[in-house]
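Inside the fold
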Amino acid sequence: MELFLQAAVNGVVLGLVYALIALGLSFIWGVMDVVNLAHAEFLMLSMYATYWLWALGRIEPALAVPIVLPLFFVFGWLTYRLLIRHILRASTAAQIFATFGLLFVLRYSAFAAFGPNVYGIWQQGLGGSVSILGTFIATARLVAAGVALAAFGVLWLFLQRTKPGKALQAAAQDRTVALALGIPVERMFALAWGIGISSVALAGIALSPFYQVSPTIGDAFLLIAFASVVLGGFGRVDGALVGGLAIGLLESILGTLISPTFKLLFVFGIFVLMLLFRPEGLLGQAR
Amino acid sequence: MSARESILRGRFWPIVATGVVLLALPFLVRDTFFLNAMILVFLFGAMAQGWNLIGGYAGQISFGHAVFFGVGAYAASMLLSRLALSPWVGAWVGAALSATVALAVGYPTFRLRRHFFALATIALGEIARISFLNWRFVGGAIGLYLPLEYRNRFGFLMWDSKRPYYLVALALFALATALVAVLDRNRVGTYLRAINQDEEAAEMLGIPARRYKLYAIALSAVVASLCGTVYALYVLYIDPYNVMAGRISLLVVVIALIGGRGTVWGPVLGAVFIVMLNEYMRSWLGGTGSGADFILFGLLIVLISVREPKGLVGLLQRRALPEALPIQGASDDQLPYAGPSRVMPPPDTFPDSDVLGTGEGILLRVSRLHKRFGGVHAVRDATLEVRHGEILGLIGPNGAGKSTLFECITGFLRPDAGEVRLGTARLDGLAPHRIAWRGVARTFQAMRIFPEISAWDNMMCAQEHRGEGLADASFISHLGPVTRQSRVLLETFGLWDMREFPAGALSYGQQKLLSIAMAVLRRPAVVLLDEPAAGVSPVLVTQIARHIRDLNASGVTFLVIEHNMEMIMNLAQRIAFMAEGQVVAIGSPEEIRQNESVLDLYYGR
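In this text the structure is predicted, and so the values were computed from the model without any measurement.

The rules behind the values
Residues numbered from 1 in each chain as written. Chains lettered and ligands numbered in written order. Predicted model: local features only at pLDDT ≥ 70, side-chain atom pairs only at ≥ 80, totals over all residues. Helix = DSSP H or I, 4+ residues; strand = E, 2+ residues; numbered from the N terminus. Rg over C-alpha atoms; globule rule 2.2 N^0.38 Å. Contact = placed C-beta atoms within 7 Å. Pairing = 2+ DSSP bridges. Axes fitted to C-alpha atoms, helices over the stretch in contact; angles between N-to-C directions. Domains from an automatic or database assignment. Buried ≥ 20, exposed ≤ 12 C-beta atoms within 10 Å, placed from the backbone. Nonpolar A, V, L, I, M, F, W, Y, C, P; charged D, E, K, R; others polar. Expected span 1.5 Å × (residues − 1). pLDDT = per-residue confidence, 0-100. Parallel < 35°, antiparallel > 145°, perpendicular 65-115°, else oblique. Left-handed = near helix turned anticlockwise from the far one by under 90°.

A tally of helices and strands in chain A yields eleven helices and two strands. In sequence order, the secondary structure elements of chain A are arranged as α-α-α-α-β-β-α-α-α-α-α-α-α. Against the compact-globule benchmark of 19 Å for 287 residues, chain A has a radius of gyration of 19 Å, which places it among compact chains. Summarising its shape, the C-alpha atoms of chain A cover approximately 60 × 45 × 35 Å along the three principal directions. Nonlocal contacts in chain A, meaning residues at least 24 apart in sequence, comprise 77% of its contacts between residues at least 6 apart.

Take a look at the structure:
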């Protein structure tokens, strides 16, 4: 029972971070119907950025946020302006290939720059652990989970309570009508990319204190993010949250109870089962 | 001389010459590094050809082909080391397993939007990799050494020297390319392209889209699996890192994509370019290379997706082609009219379509049909009867439910209640292509032809698909009666001179005519036209009306939605008036013109 409880608490914490990774993917998907296969590569790059800030400048991950976040916002904005803009009306295949090419470029640039070795932050301010319900959780993980929740809150407030947020939703529902109403759709889409990419960069910073980075970590995270999005329902911000939590819990509990070797297998298995039997997601409506 | 003949004549001797050079090469060159690179070119080139069938022609992108490669490698290796079974047999066991896995993934995901299949294949790749890494029986992470005592025997496909491997790999490459070339030229290639461009429109013509896609992915998996078997026999050691790696999945995608997907020669060019670059970069830069070549590939892929979807082949073709001929009549819709007598040959030249009921009987019967979208009751209790041999006009204000009714009749929407019958056969609940097989054809309000294939190939997609076997469609070209009938229709509609142009290059009016010609080609029992006169010039409206009348005179029944009152009142024998989801009135054009509720609801009196 104690083991189960510990696994559940770990799962919730992990799930919140997964949800934050899935958030940007789902958000961009929902706004402009583009599936970004390079999504997790941005996570990888932000983890490198956080690592090097720590390794070279002794800047704590928490303090890296104001440096890394704006950087990746611009990164996302530019990705939209330079690439995505040109494929918005292209075929599904062309869209898949465009972001797939981007994945290649980003991953192998990291390879060329940093080599295949694994890097990790091994000492930082948020040491120790906290006790919850008789279980223990590393402070860094708890903080990561808190950051993820806060990010969801901020995005929700932005979309519901601000004018640009509402304009963004309008642009997502119908580009042509939004354009006719004077909403700068191009700028809204670029903004969506900025938000999407900076949110996954935030997840990278949050992961850095307890997760090592190498050029190829993207694969697993991409699938986890997709699994979360599929589980929760496409293009929904709340779907990413529910899906991420579900995936985190599944991975943690099944990994603890059965075997940690196969924990990712469970996640991908659930993903495939969802695709087969309920592709619209847990929160989505039947077709 | 047709285009096909000129291609054949122009390409036959260069292909033979290349073949001779490739066969002679291992006897002339002793550089083992080069031979090794060539073997990899052939193996991954063959695999990319297989990928091309599903990812190129059918447009369903797989990022998990390494699974099929790996299954082929493991199956043959295990059968050889445990049971001493020859790889000649083991290869086919692996191929059968791979095809099964491919069908199991494709069957549920092909009905969803295309991203889902791509995602499922990524997940499949990871699942297979983790499973094989932890599966002791097949060697787990330690891998599997192939038994060496069978070397230098043709029955076991293992040798000491590179030369025989070179020849085996070349043979596989040639076979895979030949397979793609044959499918490309025959009906399957045309259908897959059409499905890729507009799956629903293909279904409407009676092409069973999912069946063709499953066929493509099964063949694709078989080819990849055979490549895996040969690769295992060549390297003599396999583990999940060298035969089930995501790297291999990505490599074949890159080869097909940069070479030119959906073309026969794309994967060939791509394999030479990518594998050679990859191998020589690695030898120059040492180790696994710095990844510089992959950055280059990535940039190329991005460029291709934005600028040149046909890759290297597209670039070469662009240079080789003279500038496109101006299309006759593309600027105006003044089309020649060939006269009514040639529109349709007498019915006996057609294969029997089981038109049920003859004479003045009821052909299509819609009874008490309901369709709801959330809170909107688009069709409520609609009842409509189309008589055999008539032109029935369907009019009504926007939002009356006319198009929704069409969607329900043709199976794209499932009605909530009520039934649709053609003769005595029930249509509701059937898949769209099965309804088409029963003898229902339609055009769409927003025109849906296949823009990137020629007008002629569009017609070929519109032939009768009921009872069309996969083997026939793969290996037999189009049938005589179909091509004759297509020619008659295209000539009558004034489109014959434009048959080789991509349909998307035709003018709007010509595309409209083409879509009508496609709908009537297989001589369906009833043709549903959704606003045939919308958006075309007055001259063409008269022509379209005349064509419909001529076709009707030769025995085709029509149900026509139209807002052009003048046209439909003159064309139709009877008019049905629909409002708020119901058929409110039906009768002769005269009766409808004077009907009180029509005047109230439609003309807003």
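Our focus in this paragraph is the sheet that holds strand β12 (residues 582-587) of chain B. Whether parallel or antiparallel, the strands of a sheet pair through hydrogen bonds between backbone atoms. Residue and element names in this part refer to chain B. A sheet is described by the order of its strands in space; here six strands give the open sequence β8-β9-β10-β5-β11-β12, paired in mixed fashion. Sheet topology places β8 (440-442) and β12 at the edges, where each strand pairs with a single neighbour. Across the sheet, the mean angle from the axis of one strand to that of its neighbour is 20°, orientation sign disregarded. Taken together, the three bridges between β8 and strand β9 (residues 526-530) define a ladder with parallel strand orientation. Bridge pairing links Val440 to Val526 in β9. Here helix α15 (residues 402-410) sits on the sheet and contacts β5 (391-395), β8, β9, β10 (557-561) and β11 (574-579); the angle it forms with β9, its principal contact strand, is near 145°.

Right, let's talk about the environment of A:Phe268 for a bit. Its place among the elements puts A:Phe268 in helix α11 (residues 263-277). When the C-alpha atoms of A:Phe268 and A:His86 are compared, they prove to be 32 Å apart, with 182 residues separating the residues in sequence. Other than its neighbours up to four places away in sequence, A:Phe268 contacts A:Leu223, A:Ala227, B:Ala123, B:Glu126 and B:Ile127.

The next subject is the domain arrangement of chain B. Size of an interface, as often reported, equals the accessible area lost when the parts are brought together. Taken as a whole, chain B is organised into domain 1 (1-30) and domain 2 (34-245). Computed from C-alpha atoms alone, the centre-to-centre distance between domain 1 of chain B and domain 2 of chain B is 26 Å.

Turning our attention to the pairing of β11(B). Residue and element names in this part refer to chain B. Across the six residues of β11, five count as buried, placing the element largely inside the fold. Where β5 and β11 come together, four bridges link them in parallel fashion. In the sheet register, Ile395 faces β11, and the bridge partner there is Phe577. Judged from the five bridges that link them, β11 and β12 form a sheet pairing that is antiparallel. The residue bridging Ala576 from the neighbouring strand is Ile586, located in β12. As consecutive antiparallel partners, β11 and β12 are separated by two residues, and within that stretch Glu580 has a phi angle of approximately 50°, a positive value.

Before going further, it helps to examine helix α7 (residues 187-197) of chain B. Residues and elements named next belong to chain B. Of all eleven residues in α7, eleven are buried; the element is thus mostly enclosed. Taken as a whole, α7 has its buried residues at Arg187, Val188, Gly189, Thr190, Tyr191, Leu192, Arg193, Ala194, Ile195, Asn196 and Gln197. On the buried face of α7, the contacting elements are α2 (32-57), α6 (162-185), α8 (199-204), α9 (209-235), α17 (455-461) and α18 (470-475).

Next up on the list: the interface of chain A and chain B. Every contact between the two is made by 33 residues of chain A and, on the other side, 33 residues of chain B. Those elements that place two or more of their residues in the side of chain A that touches chain B are α3 (61-87), α4 (92-114), α9 (218-232) and α11 of chain A. In terms of residues, the side of chain A that touches chain B owes the most to one element, α4(A), which gives 15 residues. The residue makeup of the side of chain A that touches chain B, split by class, is 26 nonpolar, six polar and one charged.

Once that is clear, we can look at the sheet that holds strand β6 (residues 417-422) of chain B. All names here are of chain B. Strand order in the open sheet formed by four strands is β4-β3-β6-β7, and the pairing between neighbours is antiparallel. Lying at the two open borders of the sheet, with one neighbouring strand each, are β4 (376-387) and β7 (425-426). Bridge analysis of β6 against β7 gives two bridges, and the strand direction is antiparallel. Paired with Leu422 across the bridge in β7 is Ala425.

All names here are of chain A. As for its position among the elements, Ala190 is in helix α8 (residues 185-207). With 19 C-beta atoms counted inside 10 Å, the residue Ala190 sits in the partly exposed group. Sequence separation between Ala190 and Pro61 is 129 residues, and the spatial gap between their C-alpha atoms is 27 Å. Apart from residues lying up to four places away in sequence, Ala190 is in contact with Trp77, Tyr80 and Arg81.

An α-helical turn contains 3.6 residues, so any two residues separated by three or four positions project in the same direction. Residues and elements named next belong to chain A. Taking 1.5 Å per residue, 23 residues should reach 33 Å; α4 reaches 33 Å between its end C-alpha atoms and fits that length. Counted residue by residue, α4 has 17 buried out of 23 residues, so it is predominantly covered. Count one or two residues on from α4 and you reach Gly115, which has phi positive near 75°.

Residues and elements named next belong to chain B. Two elements, strand β3 (residues 362-373) and β6, share five bridges in a ladder whose sense is antiparallel. What sits directly across from Leu364, in β6, is Leu422. Linkage of β6 to β7, two consecutive antiparallel strands, is achieved through a turn of two residues, within which Gly423 is found at a positive phi near 60°.

Right, let's talk about the environment of B:Ala91 for a bit. Residues and elements named next belong to chain B. Structurally, Ala91 can be placed in helix α4 (residues 87-109). Taking the C-alpha atoms as reference, Ala91 lies 31 Å from Asn196; in sequence the two are 105 residues apart. Every residue in contact with Ala91, bar those within four places of it in the chain, is listed here: Gly72, Ala76, Leu226 and Thr229.

This part takes up the confidence of the model for chain A. On average, residues of chain A score 88 in pLDDT, and 98% of them reach the 70 mark or higher. Across chain A, the secondary-structure element scoring lowest on mean pLDDT is strand β1 (residues 129-132) of chain A, at 79, and the one scoring highest is helix α2 (residues 39-57) of chain A, at 95.

Here the focus is the packing of α11(A) against helix α5 (residues 114-133) of chain B. Two elements in contact, α11(A) and α5(B), have axes separated by 9 Å at closest approach and are oriented at 150°. Taken as axis vectors, α11(A) and α5(B) run roughly antiparallel relative to one another. Between α11(A) and α5(B) the crossing geometry is left-handed. Contacts between α11(A) and α5(B) involve A:Leu264, A:Leu265, A:Phe268, A:Gly269, A:Phe271, A:Val272 and A:Leu275 from the former and B:Phe116, B:Ala120, B:Ala123, B:Glu126, B:Ile127, B:Ile130 and B:Ser131 from the latter. Tallied by class, the residues present in the contact of α11(A) with α5(B) amount to eleven nonpolar, two polar and one charged.

The subject of this paragraph is the confidence of the model for chain B. Residues and elements named next belong to chain B. When pLDDT is averaged along chain B, the result is 87; 90% of the residues meet or exceed 70. Note on residues 322-343: pLDDT is under 50 here. Beyond four places in sequence and across chains, it has 31 contacts. pLDDT under 50 marks residues 345-359. Its contacts with residues more than four places away, or in other chains, come to 23 contacts. Interface confidence for the predicted complex, expressed as ipTM, amounts to 0.86; the pTM equals 0.87.

Its identity as a non-glycine residue notwithstanding, A:Arg58 has a phi of 55°, on the positive side. Relative to the helices and strands, A:Arg58 resides in the loop between α2 and α3. For A:Arg58, a count of 9 C-beta atoms within 10 Å corresponds to the exposed category. For B:Arg523, which is not glycine, the phi torsion reads 50° and is therefore positive. Inspection of the secondary structure puts B:Arg523 in the loop between α20 (508-521) and β9.

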